[in-house]
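Per-entry structural report
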Amino acid sequence: MYAVVLLVCCSWVALLCPSVQAYENLALKKPAWQSSTEMSYNGAELAVDGLYTDLSWDGGQCAWSVGGQTTAEWGVDLGGVKYIHHVFIQYATDNWVWDEYNGYTGYFLGFSVYISNTTNKEDGVLCFRDTIYTRATIPNPVNITCPYHGRYVIYYNNRTHPPYPEGYSYDVYIELCEVEVYGCPTPGRYGENCSLLCPENCHCDVIDKTCVECVPGYKGHLCYEECGGHTYGLECKQSCGNCSGGVQCDHETGSCPKGCDAGLYGDKCDLECGGHTYGLGCKQSCGNCSGGVQCDHVTGTCPNGCVAGMSGDKCDLECDGHTYGLGCKQSCGNCSGGVQCDHVTGICPNGCVAGMSRDKCDLECGGHTYGLGCKQSCGNCSGGVQCDHVTGICPNGCVAGMSGDKCDLECGGHTYGLGCNQSCGNCSGGVQCDHVTGICPNGCVAGMSGDKCDLECGGHTYGLECKQSCGNCSGGVQCDHVTGSCPKGCDAGLYGDKCDLECGGHTYGLGCKQSCGNCSGGVQCDLVTGICPNGCVAGMSGEKCDLECAGRTYGVECKQSCGNCSGGVQCDHVTGNCPNGCDAGMYGDRCDLECGGHTYGLGCNQSCGKCSGGVQCDHVTGICPNGCDAGLYGDKCDLECGGHTYGLGCKQSCGNCSGGVQCDHVTGICPNGCVAGMSGDKCDLECAGHTYGVECKQSCGNCSGGVQCDHVTGNCPNGCDAGMYGDRCDLECAGHTYGVECKQSCGNCSGGVQCDHVTGKCPNGCDAGMYGERCDLACGSYKYGVECKEVCGNCSNGIPCHHVDGSCPSGCDAGAYGVTCKESCGNCSNRDTCNDVDGSCPYGCDVGVYGKTCDKACQSGRYSISCAKACGQNCQGCNRFNGVCEFGCQPGWTGTFCEKRKVFAMTMKTSRFLLNWWIFNRSSTELFS
């Protein structure tokens, strides 16, 4: 950094160095702030509005703070980091002469200027601090050389550490009428025109490119050297963290390229692992350290031991080996499955082994329980003793009615008593008898009696409680005591298991096994003999009505005859119907009717077609006696015309039907239209009238000579009309072609559109630089552009410009510049010719003008060559060529350049400032004594 800042070029006559004026005012109309504001028209922004012709507090051009303060600060935001050359400050004068008698000098003394990258001046660099000036010597305006880079320029003054030198005010104000910050608007440049590039990685001096400061990550005189030695950032003053493998961190950001050493994390590896993690990348978890403290971020070791239930250096091992608690020093009981108890509480997670209880499984089962969770009961042990707590076995046997090792099973299997050694009878429902007494609780099963249900029924009884009687068994034997069934069958005419039912269902005799036929009225035959009492149903005969009618008879008493059944078989004995149909030519249930309705043959199921005149065919053979209707043929007229024929006798031919299908056999019409190229109901006409294809619905193109295209394919036999192409001549020329066979090329139509396919004309005009109906001619006669309407500029040696963009191939004539040489040079120094590309003047501008092309009149307050000089400080606006104050002087001054002080009468404003001056030059003791 620079250690010395020069306050230059300003005295009572504001002598500004011409060389600094080529820099740009970076502060103009930028956002500004101040520590306080006196009035609404004294805002901080007035110090950067470019106006300072009225230097009074109430003139609306000066920033002004509240008085009586010990500190005052004003700043401007340049909108980004800029390379600054110098700062221009115009302090308020109330339009009085600036000398030791001006009351504002005491408030200006002791001021400082800072350059910072934040709004805090302490974060920046002190550019200038006044320690040498007096009221008589402090200049106004003042230029401060300040070759630094930064975003904020801060003006500061204070009266916080008295005593102060003679002439200093007791408090401070912001009384700034203008602050201009000159420098390069683009970072990384220097020189009067900010046109030169600083060395790489360097914030250079805006004048001579010396590196004032290196960008973060670089060091050295020319900022070529990257930070090393585990440093990074601005001036290499920041230390890297612990990068993995001890490598250097990124010299700009400090980030570690290959990660961090164990126990550290973050881009810069400067953060220790936390959150109970450690090791490389903090990806390893450490156990539960005592007191919840963090384990060692590198090794994972817990400094004060482990929480209950954990062990190991890192407290990441749960207690095992049937231990738990602090230090794993407590033993736990017998957990189910031999699993480890809870490492903290000692509780068994899945319960206890059989015979043990409580959370830690350290208590044997009691109270006549045993097994897992002591949830099983061990029954009634003999003498009431406790069963084994694990197996539930009774040591001395069981009480009466109980069995099993655990005496928890009542006697079953129809046993009871001590040791379940006694048998009981058949209890109702198959239930167990009382396991102690053997009594059946709900009575006996069918066929049994007695308390223990061990006696069978007798005396022709059976069933529940032996209360049911059994029927007439063959031979008079006892029925079954349970079911009542007869063991040797029933008497004749009776049936059923118990022989208590008479024969029915047209049966009779022993076991009701003989059938008695179909009795008239459906009555039952005699249950012993089988005779029908009232005769037989229709179709049956005999005493027992068990014989069907025969001899081609049927019906009641077999008195009706049946017709001609197929094959001469017997008709149905009841209805007379023929079972296998009729002889050929006959129909009806009894085969007594001839076929009709154009049918014939067996069952009249065959059709005999349409006989001529609509007559019936022969009912047996189906032959038509007088021939067939139109469209049919064959003896029976049951075949339609085929082979593309139709009509009477199938003697007429039909055309080409679509898909090769047969035309209508009567009319000859094609049902689905015609094959391609044919038309008409019968598809016997070729397409015409410039049509072709299916149904002649496709139009063919413009065939040469207007001839008909092929009626099937649409192809033109002799080629196409002009502008058309393709087999069918239905495609217009494209691809910038036109004419016969599209063999002619058209020019460059505007927008790249296709020219007219017949004539080649462009519909919307031509591309820039082209003309003619077909846009195939380039502009000439010093014209260019769209429709050749643009006139070429002043090209060197009168050479024509480019016909498309108007550019001059060999540059411009003297006095012109730009791509098309249509721009005129400004007022270059010594009437030099400007650069023919950008219009810049190689040796600067003439008097009264400035700018890159020397075409801008001097701004207010500037004059001379390239506007390098400032008007006199007391001038209200000078002539831009010679500096003469042609708009008058500031109050109190006169002369051509407003250099002479004018004697003037005392005014109220003057008297107020004289009073201020007197107050500033008196001590507080003098004022208040």
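Within each chain, residues carry numbers counting from 1 in the order of the written sequence. Totals for whole chains, interfaces and linings use all residues, but because this is a predicted model, local features are given only for residues with pLDDT of at least 70 and pairs of side-chain atoms are given and counted only at 80 or more. The side-chain numbers reported here are obtained from all heavy atoms of the structure, hydrogens and water having been left aside.

So, the overall build of the protein chain
A count of helices and strands for the protein chain gives three helices and 74 strands. Against the compact-globule benchmark of 30 Å for 929 residues, the protein chain has a radius of gyration of 65 Å, which places it well outside the compact range. Relative to its 929 residues, the protein chain shows a buried fraction of 39%. All accessible areas in this document rest on Shrake-Rupley with a 1.4 Å probe, and a residue is counted as covered only by the protein chains that are shown. Summed over all atoms, the accessible surface of the protein chain reaches about 48,200 Å², with 50% contributed by carbon and sulfur. Charge counting treats Lys and Arg as positive and Asp and Glu as negative, with His and both chain ends excluded. Charge positions are represented by NZ for Lys, CZ for Arg, CG for Asp and CD for Glu. Between the centroid of the 54 positive side chains of the protein chain and the centroid of its 99 negative side chains there is a distance of 9 Å. Per the convention used, a helix needs a DSSP run of H or I reaching at least four residues, while a strand needs a run of E reaching at least two, with both numbered from the N terminus. In this setup the radius of gyration rests on C-alpha atoms only. A globule is expected at 2.2 Å times the number of residues raised to 0.38. Relative accessibility under 20% of the residue-type maximum defines a buried residue, over 50% an exposed one, and the middle range a partly exposed one, all with a 1.4 Å probe and only protein chains included.

Section: the nonpolar core
The nonpolar side chains of a soluble globular protein tend to be buried with one another. Ranked by size, the top nonpolar core spans 46 residues in total, and within it Trp74, Ile89, Phe108, Phe111, Val153, Tyr155 and Leu176 carry the most contacts. Elements supplying a minimum of two residues to this core: β4 (63-64), β5 (71-91), α1 (105-108), β6 (112-116), β7 (125-129), β8 (142-145), β9 (149-158) and β10 (175-184). Counting residues per element, this core draws most heavily on β5, at eight residues. Here a residue-residue contact requires only that any non-hydrogen atoms of the pair lie within 4.5 Å. Those residues within four positions of phenylalanine 108 in sequence are excluded, and the remaining contacts are Ile89, Tyr91, Trp98, Ile138, Pro139, Asn140, Val142, Tyr155 and Asn157. The set of buried Ala, Val, Leu, Ile, Met, Phe, Trp, Tyr and Cys residues whose side-chain atoms join them within 4.5 Å is what this entry labels a nonpolar core. One finds Cys184, Cys194, Cys204 and Cys211 within the second-largest nonpolar core, a separate group that totals 15 residues.

Regarding the state of the cysteines
The disulfide criterion is simple: two cysteine sulfur atoms within 2.5 Å. Tallying each qualifying case throughout the model produces 64 disulfides. With its sulfur 2.2 Å from that of its partner, cysteine 332 forms a disulfide with cysteine 341. Judged by the sign of its S-S torsion, about -80°, the bond between cysteine 332 and cysteine 341 is left-handed. The exposure class assigned to cysteine 332 is buried, which follows from its relative accessible area of 12%. The exposure class assigned to cysteine 341 is buried, which follows from its relative accessible area of 3%.

As for the confidence of the model for the protein chain
Scored from 0 to 100, pLDDT reflects the predictor's confidence in each residue. Of the residues in the protein chain, 95% have a pLDDT of 70 or more, and the chain-wide mean is 84. Model confidence for the protein chain, summarised as mean pLDDT per element, is weakest for strand β1 (residues 7-8) at 33 and strongest for strand β3 (residues 32-34) at 98. Across residues 1-21, confidence stays below pLDDT 50; counting only partners more than four residues off in sequence or on other chains, it has 58 contacts. Considering only residues more than four positions removed or in separate chains, one finds that residues 922-929, a stretch of pLDDT under 50, has six contacts.

Focus: the side chain of histidine 665
One can find histidine 665 in the loop between β54 (652-653) and β55 (678-679). Excluding its chain neighbours within four sequence positions, the residues that come into contact with histidine 665 are Gly631, Glu640, Cys641, Thr645, Tyr646 and Gly647.

Observations regarding unusual backbone geometry
Proline 141 follows asparagine 140 through a cis peptide bond whose omega is 5°. Along the chain, the position of proline 141 falls in the loop between β7 and β8. Between proline 162 and the following residue, proline 163, the backbone shows a cis peptide bond with an omega angle of 0°. Note on placement: proline 163 falls in the loop between β9 and β10. Even without being a glycine, histidine 598 presents a positive backbone phi close to 60°. Looking at where histidine 598 falls in the secondary structure, it is placed in the loop between β48 (593-594) and β49 (599-600). A residue is classified by how much of its surface remains accessible, and histidine 598, at 32% relative accessible area, is partly exposed. Although it is not a glycine, serine 866 adopts a positive phi angle of roughly 55°. In this fold, serine 866 is placed in the loop between β71 (862-863) and β72 (869-870).

Side note on empty space enclosed by the protein
Here the term cavity refers to a set of points on a 1 Å grid, laid over the protein atoms alone, in which a 1.4 Å probe fits but cannot get out; the term pocket refers to an open set having protein on both sides within 12 Å along at least five of seven lines, with lining residues being those that place an atom within 4 Å of a point. Grid points are joined across faces, edges and corners, and a volume is the space filled by probe spheres set on the points. Evaluation of the coordinates by the stated rule reveals two cavities of 30 Å³ or more. Taken as a whole, the largest cavity encloses approximately 40 Å³ of empty space. Along its surface, the largest cavity is lined by Tyr83, Ile84, Pro147, Tyr148, His149, His203, Cys204, Val206 and Val212. When residues of the lining of the largest cavity are traced back to their parent elements, those giving at least two are β5 and β13 (202-204). Each residue gets one label: Ala, Val, Leu, Ile, Met, Phe, Trp, Tyr, Cys and Pro are nonpolar, Asp, Glu, Lys and Arg are charged, and the others, such as Gly, are polar. The residue makeup of the lining of the largest cavity, split by class, is seven nonpolar, two polar and no charged. Estimated volume of the second largest cavity: approximately 30 Å³. Of all the secondary structure elements, the ones that give two or more residues to the lining of the second largest cavity are β5 and β9. Here the lining of the second largest cavity is built from residues that sort into eight nonpolar, no polar and no charged.

Topic: the pattern of salt bridges
We count a salt bridge whenever a side-chain nitrogen from Lys or Arg sits within 4 Å of a carboxyl oxygen from Asp or Glu. Across all of its chains, the model carries 13 salt bridges by this definition. A salt bridge links aspartate 77 to arginine 151, with the shortest nitrogen-to-oxygen separation between them at 2.8 Å. Taken together, the positions of aspartate 77 in strand β5 and arginine 151 in strand β9 put the pair 74 residues apart, joining distant regions of the chain. Among the residues examined, aspartate 77 registers a relative accessible area of 15% and is labelled buried.

A look at the pairing of β10
A regular strand places its side chains so that they alternate between the two faces of the sheet. Of all ten residues in β10, ten are buried, a share of seventy percent or more. Strand pairing is defined by DSSP finding a minimum of two bridges between the two strands. Judged from the two bridges that link them, strand β2 (residues 24-25) and β10 form a sheet pairing that is antiparallel. Paired with asparagine 25 across the bridge in β10 is tyrosine 182. Pairing geometry for β4 and β10, over two bridges, is antiparallel.

Quick look at the pairing of strand β14 (residues 211-214)
Bridge count for β13 against β14 is three bridges, and the pairing is antiparallel. Along β14, the bridge assignment pairs histidine 203 with glutamate 213. Hairpin connection of β13 to β14: six residues between the antiparallel strands, including lysine 209 at a positive phi of 65°.

As for the packing of aromatic side chains
Between two aromatic rings, the relevant description is the distance of the centres plus the angle of the planes. Two aromatic rings, drawn from Phe, Tyr or Trp (for Trp, its six-membered ring), form a pair once their centres lie within 6.5 Å of each other, and the interplanar angle then sorts them: stacked below 30 degrees, edge-to-face above 60, tilted otherwise. Summed over the entire model, instances satisfying the criterion amount to 13 aromatic pairs. An angle of 85° between the planes, with centres 5.6 Å apart, marks the rings of tryptophan 64 and tyrosine 104 as edge-to-face. With tryptophan 64 in strand β4 and tyrosine 104 in the loop between β5 and α1, this residue pair connects regions lying 40 residues apart in the sequence. The exposure class of tryptophan 64 is buried, given its relative accessible area of 5%. Their ring planes at 45° and their centres at 5.3 Å tell us that phenylalanine 111 and phenylalanine 128 sit as a pair that is tilted. In this pair, phenylalanine 111 is assigned in the loop between α1 and β6 and phenylalanine 128 in strand β7, connecting sequence segments 17 residues apart. A single burial state applies to phenylalanine 111 and to phenylalanine 128, both of which are buried. These aromatic residues form a ring-pair network of at least three members: Tyr91, Trp98, Phe108, Phe111, Phe128 and Tyr155. Only when the NZ atom of a Lys or the CZ atom of an Arg is both within 6 Å of the ring centre and within 35 degrees of the ring normal do we say a charge sits over the ring. It is lysine 121 that lies over the ring of tyrosine 156; its NZ or CZ is 4.3 Å from the centre. Over the face of the ring belonging to tyrosine 164 we find arginine 159, whose NZ or CZ atom lies 5.5 Å from the ring centre.

What to know about the environment of cysteine 545
With respect to the element layout, cysteine 545 can be found in the loop between β43 (540-541) and β44 (547-548). Classification of cysteine 545 by relative accessible area gives buried; the value is 1%. In sequence terms cysteine 545 and valine 661 are 116 residues apart; their C-alpha atoms lie 67 Å from each other. Sequence-distant contacts of cysteine 545, defined by excluding residues within four places in its chain, comprise Gly517, Asn518, Cys519, Cys532, Gly535, Cys536 and Met540.

Focus on the environment of valine 344
Locating valine 344 in the fold gives a position in the loop between β26 (330-331) and β27 (356-357). Considered as a pair, valine 344 and tyrosine 324 are 20 residues apart in the sequence and their alpha carbons are 5.4 Å apart. If sequence neighbours within four positions are ignored, valine 344 has contacts with Ala308, Gly309, Tyr324 and Gly325.

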